[in-house]
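Here is how the chains run, residue by residue.
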Amino acid sequence: MDNIKLLINCKDHDYEEVLAESLVNLQKGFLVACGGGLETGNSEEAEWADLILEERGNDEGTAEVGDGGSKYMYLTEIRDGNSEGDIIYKYEEVSTIAERLRTRFRELTGKCCLLRSDGKGVIIGFCSGMGGVGKSVLALSVARELAEEGQKRVLYLSFEPLSSGQIYMGGGAEVRPSGDYLYYLFSKKGEVPPDLGEFLFHDSYGVESFRIRSDRNELADLSWEQSEIFLDALLQSRRHDYICVDFDGDGTEKSKRLALSSFRLFMIGREGVLSEARKKQLLDSWNLTEEESASLIVDVCNFCKEEKRGNTVSVPKDEGSFREKNGYVEIGLHRAFGLGVRKLAEEIRRNV
């Protein structure tokens, strides 16, 4: 994920620090430094920053609206209907300020910075170092558990070439395939479709998903740049509280960036030397720092015969929670497997 390096330069130090903290807490998309109202000029901080947000005093009058070509934007205490372009009203909601900064960053660099605003669109990642560890069933089950919480709207996304998640979702209503959505999105250069619901079906728990072809998942064929535009459009729609992303840990740049775009990443494995070795190999290829790993990754042992110690979340082996029904596999969350799923959901709720 591309971070926005922001310099806030404001004479009101308390406001400056509160705004910086609020932007950083919005999600991991902002790296913020405070200038303390000093002259920035050609300072090291100004060179470092992608964007500079400076305070404009009341005695400076109404500022001219710029063309969006500068990395400078200005805070003002006067809301005069001209708070657009380069001008940001100082006491606007933080989510609105973030969106304005995010838009300018994209105009200047052509890059996206995936954010959530007002609690919407929290991206939860599910990844593994090898197949056959139950990653997809856990991703969908956690999505269902989250959907049960206060009628939250949850989207399940699979970036696997052959999505096994569809096996567990049942028939659902007939909707337009994901390829139609992608064609619209890229032909309109990232414009959000007017009715996203035309492309989504939901299962009996209310979890939404795209309808994909049986022979190939078109989301798997997207480059990272295309995937970023796709995720960004979903976030702009503000339709979902959580987006559960199920993807292969294939060591590619795309998988690494999907991981880093997540608010929490559940690294799914199972007991055994091979699973642990594959997981370590994948994490080593991402070259994360210890701090990044600790803040992002939740280690999960699926099919566990006994509770793991330490920071690993254990999900017990429970074949009785699954049964075939009309060509699909029905998942039961009322047994031991469901208790493991609730542990993962609580890890998300506790930190969001």
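Up top you'll find the structure we're talking about.
Residue positions are given per chain, counted from 1 along the sequence in the order it is written. Reporting in this predicted model follows two pLDDT cut-offs: at least 70 for local features of residues, and 80 or more for side-chain atom pairs to be given and counted; totals over whole chains, interfaces and linings ignore these cut-offs and use all residues. Only hydrogens and water are set aside; all other atoms, that is, all heavy atoms of the structure, feed into the side-chain values.

1. Notes on the pairing of strand S10 (residues 242-246)
On a regular strand, each side chain points to the face opposite its neighbour's, so the side chains alternate between the two faces of the sheet. Each residue is assigned to one of three classes by its accessible area relative to the maximum for its type, calculated with a 1.4 Å probe on protein chains only: buried under 20%, partly exposed between the two thresholds, exposed over 50%. Helix and strand assignments come from DSSP, with helices taken as H or I runs of at least 4 residues and strands as E runs of at least 2, each series counted from the N terminus. In terms of burial, S10 is largely enclosed, as five of its five residues are buried. In S10, alternate side chains face the same way, and those of Tyr242, Cys244 and Asp246 on one face and Ile243 and Val245 on the other are all buried. Relative to S10, strand S6 (residues 122-128) runs parallel, the two being bridged by five bridges. Within the sheet, the bridge partner assigned to Ile123 lies in S10 and is Ile243. Looking at chain direction, strand S7 (residues 154-158) and S10 are connected through five bridges and run parallel. In the sheet register, Leu157 faces S10, and the bridge partner there is Val245. Note on pairing: two strands pair once DSSP finds at least 2 bridges between them.

2. Remarks on the pattern of salt bridges
Two side chains of opposite charge can pair, provided their charged atoms sit close to one another. Only one rule defines a salt bridge in this text: a Lys or Arg side-chain nitrogen within 4 Å of an Asp or Glu carboxyl oxygen. Throughout the structure, instances matching the rule amount to 26 salt bridges. Between Arg144 and Asp203 there is a salt bridge, and its shortest N-O distance comes to 2.8 Å. With Arg144 in helix H4 (residues 135-147) and Asp203 in the loop between strand S8 (200-202) and strand S9 (208-210), the pair connects residues that are 59 residues apart, well separated along the chain. Overall, the relative accessible area of 4% leaves Arg144 in the buried class. A relative accessible area of 4% places Asp203 in the buried class. Among the salt bridges present, the one from Arg342 reaches Glu145, with a minimum N-O distance of 3.8 Å. One end of the pair, Arg342, is in helix H10 (residues 336-351); the other, Glu145, is in helix H4, with 197 residues separating them in the sequence. Linked through salt bridges whose partners overlap, the residues forming this network are Glu145, Arg342, Glu346 and Arg349.

3. Points about the packing of aromatic side chains
Ring pairs shown here join Phe, Tyr and Trp side chains whose ring centres sit within 6.5 Å, with only the six-membered ring taken for Trp; geometry is labelled stacked below 30 degrees between planes, edge-to-face above 60, and tilted in between. Throughout the structure, instances matching the rule amount to 10 aromatic pairs. Judged by centre distance (5.9 Å) and plane angle (80°), the rings of Tyr181 and Phe230 are edge-to-face. Note that Tyr181 is positioned in helix H5 (residues 178-187) and Phe230 in helix H6 (residues 224-237), a separation of 49 residues in sequence. On the accessibility criterion, Phe230 (0% relative accessible area) is buried. Within the aromatic cluster, the residues linked to one another by ring pairs are Phe159, Tyr181, Phe199, Phe210 and Phe230. Two thresholds decide whether a charge sits over a ring: the Lys NZ or Arg CZ must be within 6 Å of the ring centre and within 35 degrees of the ring normal. Over the aromatic face of Tyr15 sits the side chain of Lys90, whose NZ or CZ is 4.8 Å from the ring centroid.

4. Structural notes on the state of the cysteines
Here is the idea: a disulfide is a covalent bond, and it sits between the sulfur atoms of two cysteines. Defined by distance alone, a disulfide is two cysteine sulfur atoms within 2.5 Å. Taken as a whole, this structure holds one disulfide when the rule is applied. Here Cys301 connects covalently by a disulfide to Cys304, the sulfurs 2.4 Å from one another. Sign of the S-S torsion, about 125° for the bond between Cys301 and Cys304, identifies this disulfide as right-handed. Take Cys10: it sits in no disulfide, and the sulfur closest to it among the cysteines is that of Cys34, at 9.1 Å. Judged by relative accessible area, which is 0%, Cys10 ranks as buried.

5. Focus: the nonpolar core
Among the nonpolar cores identified, the biggest contains 35 residues, and Ile124, Phe126, Leu138, Leu146, Phe266, Val300 and Phe337 are the most heavily contacted of them. Only S6, H4, S7, S10, strand S11 (264-270), strand S12 (297-304), strand S13 (313-316) and H10 provide two or more residues apiece to this core. Note on contacts: a residue pair is in contact if any heavy atoms of the two residues lie within 4.5 Å. In this structure Phe337 touches Val137, Leu138, Ser141, Val315, Pro316, Asp318, Ser321, Phe322, Ile331 and Gly332, once residues within four positions along its chain are discounted. For our purposes a nonpolar core is just a set of buried Ala, Val, Leu, Ile, Met, Phe, Trp, Tyr and Cys residues, chained together by side-chain atoms within 4.5 Å.

6. Let's talk about the side chain of Ser314
Mapping Ser314 onto the fold places it in strand S13. Given a relative accessible area of 2%, Ser314 falls into the buried group. Ignoring anything within four residues of it in the chain, the contact list for Ser314 reads Cys301, Cys304, Glu306, Glu307, Lys308, Gly340 and Lys343.

7. Here we look at the side chain of Ser255
Mapped onto the fold, Ser255 is located in helix H7 (residues 253-260). According to the relative accessible area criterion, Ser255 is buried, its value standing at 2%. Ignoring sequence-local partners within four residues, the contact set of Ser255 consists of Phe247, Asp248, Asp250 and Trp286.

8. Things to note about the sheet that holds S13
Within a beta sheet, neighbouring strands are joined by backbone hydrogen bonds and run either parallel or antiparallel to one another. Pairing is mixed in the open sheet, where eight strands are placed in the order S8-S9-S7-S10-S6-S11-S12-S13. Every interior strand has two partners, whereas the edge strands, S8 and S13, have only one. On average, each strand axis in the sheet is inclined to that of its neighbour by 25°, with strand direction left out of account. Most of the contacts of H4 go to S10, to which it runs at about 175°, and overall it touches S6, S7, S10, S11, S12 and S13. Axes here mean lines fitted to C-alpha atoms, for a helix over just the part in contact, with angles spanning 0 to 180 degrees between N-to-C directions.

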